[in-house]
Amino acid sequence: MALIDSATGKVTRDYSIEQLKDAANLMRGYDLVTLCAAGSGHAGGTLSIMDITAALYLHVAQHDPKNPNWADRDRIIWSAGHKAPALYVGLGFAGFCDINDVVTLRKLHSRFQGHPHWLKLPGVEVSSGSLGQGLSIAVGMALNARLDDKKHKIFCLMGDGEQQEGQVWEAAMEAGHFHLDNIIAVIDVNRLQIDGWVKDVMEVQPLDEKYAAFGWEVLHVDGHDMNQLVEAFDKAKKVVGKPVVILADTIKGKGVSFMENVAGWHGKPPNREELTAALKELGLTERIPVEQLLDKAKSYQAEMTRELEAKMPKFSRDFWWNSGDAMKVKMEPTRKGFGKSLAENGDDERIVCLGMDISGSITISDFYAGKPERKKRWISMGIAEQSATAAAAGFAREGKLPVIGSYATFSAARNLDQIRVSVCYGNFNVLIAGAHAGVSVGPDGATHQALEDLFAMTGMPNMSVVVPCDIVEARKATTWLLFKRVGPKYIRLAREATPIVTDEKTPFVFGKANVIRLRKDAPDFVDAFETCLADYYESESEDLSIIACGPMVPEAMRAALILKRDFGYETRVLNMHTLKPIDAEAVIRAAQDTGVVVTAEEHQIGALAWRVSGLLTESKQLYGKPLITRAIGVKDRFGDSGAPWELVKELEVSAEHIAVKAVELMKIKKK
Ligand SMILES: Cc1ncc(C[n+]2csc(CCOP(=O)(O)OP(=O)(O)O)c2C)c(N)n1
């Protein structure tokens, strides 16, 4: 009885079992084309949940695509936000949006964000992407329906790995306690998560006994058998007095033989050849206008690129990375420096690494790569960041050097109270890696882009915070923090490759800034600069200072080059790799010597800027002195899906934006 005209109550379209099977197959094809066009995204889990999606959107749930906010509609919560493309094709097939538009997935300003955003796309009930939160939202909606005397159902789609999040069980307890028979949860039990089999990463079974113990009705189905699915949903709707969970046995990557049951296809899109092979297997070669869809994605991208470039500040020439002779630079992601250090130092028996199911890409698994003897000190904690953080405190209390890491949003936000009380208050020796921070995680979108982590981490008493500017510095900083810094410590890492601007000889002294000065023309960008410890630097009365951290250091250097070549200005760049404790002396001297300070951070403005301005306003040396300051950073907004370097432009954290601001300030200074 799925698609309803909310004005008349009439069914506008229903699907037979055979039609549902066919739709699910076709939806798999669109899903894969879309992922291929995006160049990133989750193939495995979207294929495993597709039959459930087809059943729900085209037959089971009562909703009206023409009136997506119809008060009596059934609600569908995608707690497993990474399966967004399945949701989008479900909405497309149901008529909430044009199925052909879904191919703009994960591109800048697309309605089809890497993880669902309800404010962008009608039919998306709530925004999600941080696992384990959906069932709680469903509880809220179910309680509200009861208050408002509404009869609709609230469906909640989750993964089996997701069951490792403690919040799921808080919500399960609540739904059981309140006898919320308007909740129907579905778990896509494909038995895999990112790091491997769920049973090996962190066993969640027996889910039936666990949910039953919380007062739920439990149904089992083959999640690829349309008859069973529809029957189970019908049965679930009739249950009275308790919430229902449908445990759907599925296969990750279902339908494409080379993707089935392969953990590596979790977060990977098919390339063009793989897409062709997959569509052939699904029998869809003739049924989906692949070229047309890929062309549509390309022209959307071209339009976004054109709009973005039109907004970019212009100078005498193109100063972008590797654009011309003077801009040649090598790039690697800073996260890899973290992994290198763990690999080099992992023989130290005190080091214990706690995995949170995203180990390969954040490189924490380099700790044990090729070293089976270290495996006993590798503890897989599952997708349970809060407990893992407190467990790390337990290890530290016993004298170990625990290391935890995940996306910075999950390792330095999701678990904030655990960091505050269990780690920081006790002043425990825990190294926290905030990986994929800033805009560098690109197409995943706002939910995964940590742009606020440094506020909390620098705000925590006892915490040390380092934001390395490149892979080399990330390696040095990790090693230093591991062995030399006792207490809570946070290192912020980027996912995307960023310019390598230091080498083995470049000083790295915790808590001390480096001064970087442009000295000459050189084909290799880095060779044009000279770096020294700020303590040893003698003022050259430069025109201005730029204080930067992390991947904004190379941007600040590029800004210095633009400012010199196009405007003749000399810039003192401060690499403020340690945000806490910050090098107050270097900041004050830069302000004193130049009178103009621009801060640059790939974060909401303030983690660096307000620290710097606090120092400047409190400094006796600067009382009564003319001083002009501005901050470059993200301006109190969420990110967006898009390529990392597009987002650097979109969020106005590029060298070009720094340079424009600096020129404005220089005009004021000259007056
Ligand atoms: C709170 C949180 N931690 C980590 C992640 C990163 N992440 C995305 S998907 C995923 C694995 C999910 O496994 P599962 O629920 O089994 O989904 P499936 O295998 O079906 O895709 C992880 C760890 C996240 N999105 N949210």
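Residues numbered from 1 in each chain as written. Predicted model: local features only at pLDDT ≥ 70, side-chain atom pairs only at ≥ 80, totals over all residues. Heavy atoms only, no water.

> Which residues make up the overall build of the protein chain, and what are the values?
Broken down by element type, the protein chain carries 23 helices and 22 strands. Scaling as 2.2 N^0.38, a compact globule of 671 residues should have a C-alpha radius of gyration of about 26 Å, and the protein chain matches this with 26 Å. Structurally, the protein chain occupies a C-alpha span of about 80 × 55 × 50 Å along its principal axes. A buried classification covers 60% of the 671 residues belonging to the protein chain. When contacts within the protein chain are restricted to residue pairs at least 6 apart in sequence, those whose partners lie at least 24 apart make up 79%. Total accessible area computed for the protein chain in this model is approximately 24,900 Å², and 52% of it derives from carbon and sulfur atoms. (Helix = DSSP H or I, 4+ residues; strand = E, 2+ residues; numbered from the N terminus. Rg over C-alpha atoms; globule rule 2.2 N^0.38 Å. Buried < 20%, exposed > 50% of the residue type's maximum accessible area, 1.4 Å probe, protein only. Contact = heavy atoms within 4.5 Å. Areas by Shrake-Rupley, 256 points an atom, 1.4 Å probe, with all protein chains shown as cover.)

> Break down the packing of helix α10 (residues 272-281) against helix α11 (residues 290-311) for me, with residues and values.
The contact between α10 and α11 brings their axes to 13 Å, and the two run at 145°. Here the hand of the crossing between α10 and α11 comes out right-handed. On the side of α10, the interface is formed by Arg 272, Leu 275 and Leu 279, while α11 contributes Val 290, Glu 291 and Leu 294. The class makeup of the residues in the contact of α10 with α11 is 4 nonpolar, no polar and 2 charged. (Axes fitted to C-alpha atoms, helices over the stretch in contact; angles between N-to-C directions. Left-handed = near helix turned anticlockwise from the far one by under 90°. Nonpolar A, V, L, I, M, F, W, Y, C, P; charged D, E, K, R; others polar.)

> Residue-level account of the state of the cysteines, with values.
Applying the stated rule across the entire model yields 0 disulfides. Not part of a disulfide, Cys 36 finds its nearest cysteine sulfur in Cys 97, a span of 19 Å. (Disulfide = S-S within 2.5 Å.)

> So what's going on with unusual backbone geometry? Which residues, and what values?
The residue after Gln 205, namely Pro 206, is reached through a cis peptide bond having omega 0°. With respect to the helices and strands, the residue Pro 206 is situated in the loop between α7 (198-202) and α8 (207-213). Following Lys 580, the chain continues into Pro 581 via a peptide bond in cis, with omega recorded as 0°. Mapped onto the secondary structure, Pro 581 falls in the loop between β20 (578-580) and α20 (584-594).

> Quick one: what's the story with the environment of Phe 395, residue by residue and with numbers?
Take Phe 395: it is sitting in helix α14 (residues 385-397). The contacts of Phe 395, once residues within four sequence positions are left out, are Val 352, Leu 354, Ile 379, Lys 400 and Pro 402.

> A description of the sheet that holds strand β17 (residues 529-533) should follow, citing residues and the corresponding values.
The sheet built from 6 strands is open, its strands ordered β17-β16-β19-β18-β21-β22 with mixed pairing. The open sheet has two edge strands, β17 and β22 (628-634), and neither has a second partner. Along the sheet, successive strands turn relative to each other by an average axial angle of 20°, direction set aside. Of the pairings in the sheet, the one linking strand β18 (residues 544-548) to strand β21 (residues 596-604) comprises 4 bridges and is parallel in character. Opposite Ala 548, over in β21, you have Ala 600 as the bridge partner. (Pairing = 2+ DSSP bridges.)

> So, the site of the ligand: which residues are in play, and what are the values?
The full set close to the ligand counts 23 residues, and His 82, Lys 83, Asn 190, Lys 252 and Glu 385 are the nearest of them. With respect to the ligand, the side chain of Asp 160 contributes an N or O atom lying 3.0 Å from an oxygen atom. Separating an oxygen atom of the ligand from a backbone N or O atom of Gly 161 is a distance of 2.8 Å. Protein contacts shield 99% of the accessible area of the ligand, which totals 590 Å² for the unbound molecule. Residues belonging to the shell around the ligand are distributed by class as follows: 5 nonpolar, 10 polar and 8 charged. (Near = heavy atom within 4 Å. Polar contact = N/O pair within 3.5 Å; in protein donor to acceptor, adjacent residues only side chain to side chain.)

That's the geometry; what it means functionally is another story.
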